[in-house]
Amino acid sequence: MNIRILFTVARGYTDQAGMRSVVELIHAARPNAVLVHGDCPEGDQDVAAIWRELGGVDEPHPADWYGPCRPKCRPRHRRRDRTGREYCPAAGPYRNHEMFGPEPIQETHALLANGSRGARDTAEMSVRLGIPTFAWPLGAGTASVPKFRADRFPCEVTVFCDTCEHEERGDYLVHENDTEDRRYGYARAYLRTQGWHCDSTGDFCPNHNPRQLSLEDA
Ligand SMILES: [Zn+2]
Ligand SMILES: [Zn+2]
């Protein structure tokens, strides 16, 4: 059976050369994969055209914006587009569900750009479904992005305050091959945003953050 790879492309992903290099990289690794996509004119269709040009097969899933609402739709939620034509705002989410099943997706690739939500939503849904999901940010080309590896998964990390032994337990997204140091690094990066002081001198909760204390002394 051919594997199915999902591509989702942010509307703002405007780097055609970057897009081509990402698609070529994936195609070289998975030449027989079927490329599943949402068929949006901005992005999805560009990726699909490159994939077909390389000899690949694609499977478009256009959203049925102007089709009838479904039983799950909220009553009277239809909106009008710029031309006044009525559409179902849930057609995009319905389409996403269809792309992810009934045949499984083995891998998702999201070409992301700031301010474009659709592709990010699809990527997040893919992560929630436990599918290895790879983000290719605009401007990064193929260089700074991880190649195929296990997706991140939640792992519990506990950090103790060296002064009061207060413990802060949390789930952080880690990679399978992250060292323990790296996993603590994710937790410390987050805790710093919460008022903790974490560096080579130790971990200190907001109440014992040396920087805060010296401010109070001053
Ligand atoms: Zn609807
Ligand atoms: Zn403390």
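Let us look at the sheet that holds strand E1 (residues 4-9). In spatial order, the strands read E3-E2-E1-E6-E7; together these five strands make up an open sheet with parallel pairing. Each edge of the open sheet carries a strand with a single partner, namely strand E3 (57-60) and strand E7 (133-137). Neighbouring strand axes in the sheet, compared pairwise and without regard to direction, differ in orientation by 25° on average. Pairing of E1 with strand E2 (residues 34-37) involves three bridges; the strand directions are parallel. Residue pairing in the sheet places Arg-4 in a bridge with Val-34 of E2. Across the face of the sheet, helix H1 (residues 16-29) comes into contact with E1, strand E6 (107-112) and E7 while running at roughly 170° to E1.

Turning to the packing of aromatic side chains, a few remarks are in order. This structure, assessed with the given rule, holds one aromatic pair. Between Trp-65 and Tyr-87, the aromatic rings sit 6.2 Å apart at their centres with planes inclined by 80°, giving edge-to-face as the arrangement. Here Trp-65 is found in the loop between E3 and strand E4 (79-80), whereas its partner Tyr-87 is found in strand E5 (residues 86-87), with 22 residues between them in sequence. A relative accessible area of 35% means that Trp-65 is categorised as partly exposed. Against the face of Tyr-66 rests Arg-85, its NZ or CZ located 3.8 Å from the ring centre.

Within the protein, the zinc ion (ligand 2) binds to Cys-161 (SG), Cys-164 (SG), Cys-205 (SG) and His-208 (ND1); these donor distances fall in the range 2.1 to 2.3 Å. Each donor residue of the zinc ion (ligand 2) belongs to the same chain, and together they define the spacing C-x2-C-x40-C-x2-H. Note that Cys-161 is positioned in the loop between strand E8 (153-160) and strand E9 (167-174) and Cys-205 in the loop between strand E11 (202-204) and helix H6 (210-217), a separation of 44 residues in sequence. Accessibility expressed as a relative area gives 3% for Cys-205, which makes it buried.

This part is about helix H5 (residues 180-193). Over its 14 residues, H5 extends 21 Å from the first C-alpha to the last, a length consistent with the 20 Å expected when each residue adds 1.5 Å. Taken residue by residue, H5 has Arg-183, Ala-187 and Leu-191 as its buried positions. Looking down the long axis of H5, one finds its buried residues gathered within 75° of arc, a one-sided arrangement. Structural note: H5 exposes Asp-181 and Thr-193 on the side pointing more than 90 degrees away from its buried face. Where H5 ends, the next residue or the one after it, Gly-195, has phi of about 95°, a positive value.

At the metal site, the zinc ion (ligand 1) is ligated by Cys-69 (SG), Cys-73 (SG), His-77 (NE2) and Cys-88 (SG), and these contacts range over 2.0 to 2.3 Å. For the zinc ion (ligand 1), the four donor atoms in the first shell make angles of 99 to 117° at the metal, a pattern classed as tetrahedral. Summarised as a motif, the one-chain spacing of the donors to the zinc ion (ligand 1) is C-x3-C-x3-H-x10-C. Linking Cys-69 in the loop between E3 and E4 with Cys-88 in the loop between E5 and helix H3 (91-99), this pair joins segments that are 19 residues apart in sequence. We classify Cys-69 as partly exposed; its relative accessible area is 31%. Classification of Cys-88 by relative accessible area gives buried; the value is 2%.

Quick notes on the rules
- Within any chain, residue numbers begin from 1 and follow the written order of that chain's sequence.
- Lettering of chains starts at A and numbering of ligands starts at 1, both following the order in which they are written.
- Per-residue local features are limited, in this predicted model, to residues with pLDDT of at least 70; the limit for side-chain atom pairs, both in listing and counting, is 80 or more; totals at the level of whole chains, interfaces and linings are taken over all residues.
- Only hydrogens and water are set aside when side-chain values are computed; all heavy atoms of the structure are taken into account.
- In this description, strands pair whenever DSSP reports at least two bridges between them.
- Every helix listed is a DSSP run of H or I at least four residues long, and every strand listed is a run of E at least two residues long, numbered separately from the N terminus.
- The convention used is that axes are lines fitted to C-alpha atoms, helices contributing only their stretch in contact, and that angles between N-to-C directions extend from 0 to 180 degrees.
- Contacts are assigned to residue pairs with any non-hydrogen atoms lying within 4.5 Å of each other.
- Aromatic pairs are defined between Phe, Tyr and Trp rings, using the six-membered ring for Trp, whenever the two ring centres lie within 6.5 Å; interplanar angles under 30 degrees are classed as stacked, those over 60 as edge-to-face, and all others as tilted.
- Burial status follows relative accessibility: with a 1.4 Å probe on protein chains alone, a residue under 20% of its type maximum counts as buried, one over 50% as exposed, and anything between as partly exposed.
- For a ring to carry a charge above it, either NZ of a lysine or CZ of an arginine must fall within 6 Å of the ring centroid while also lying within 35 degrees of the normal to the ring plane.
- Donor selection uses N, O and S atoms within 2.8 Å of the metal (3.2 Å for Na, K and Ca). Since no water is included, sites may look incomplete.
- What a helix should span is 1.5 Å times the count of its residues minus one.
- Directions from the helix axis toward the C-beta atoms define the arc.
- Square planar and octahedral assignments, for four and six donors respectively, both demand that opposite donors be over 155 degrees apart and that all other angles lie between 65 and 115; tetrahedral needs four donors with all angles between 85 and 135 degrees, and anything else is irregular.

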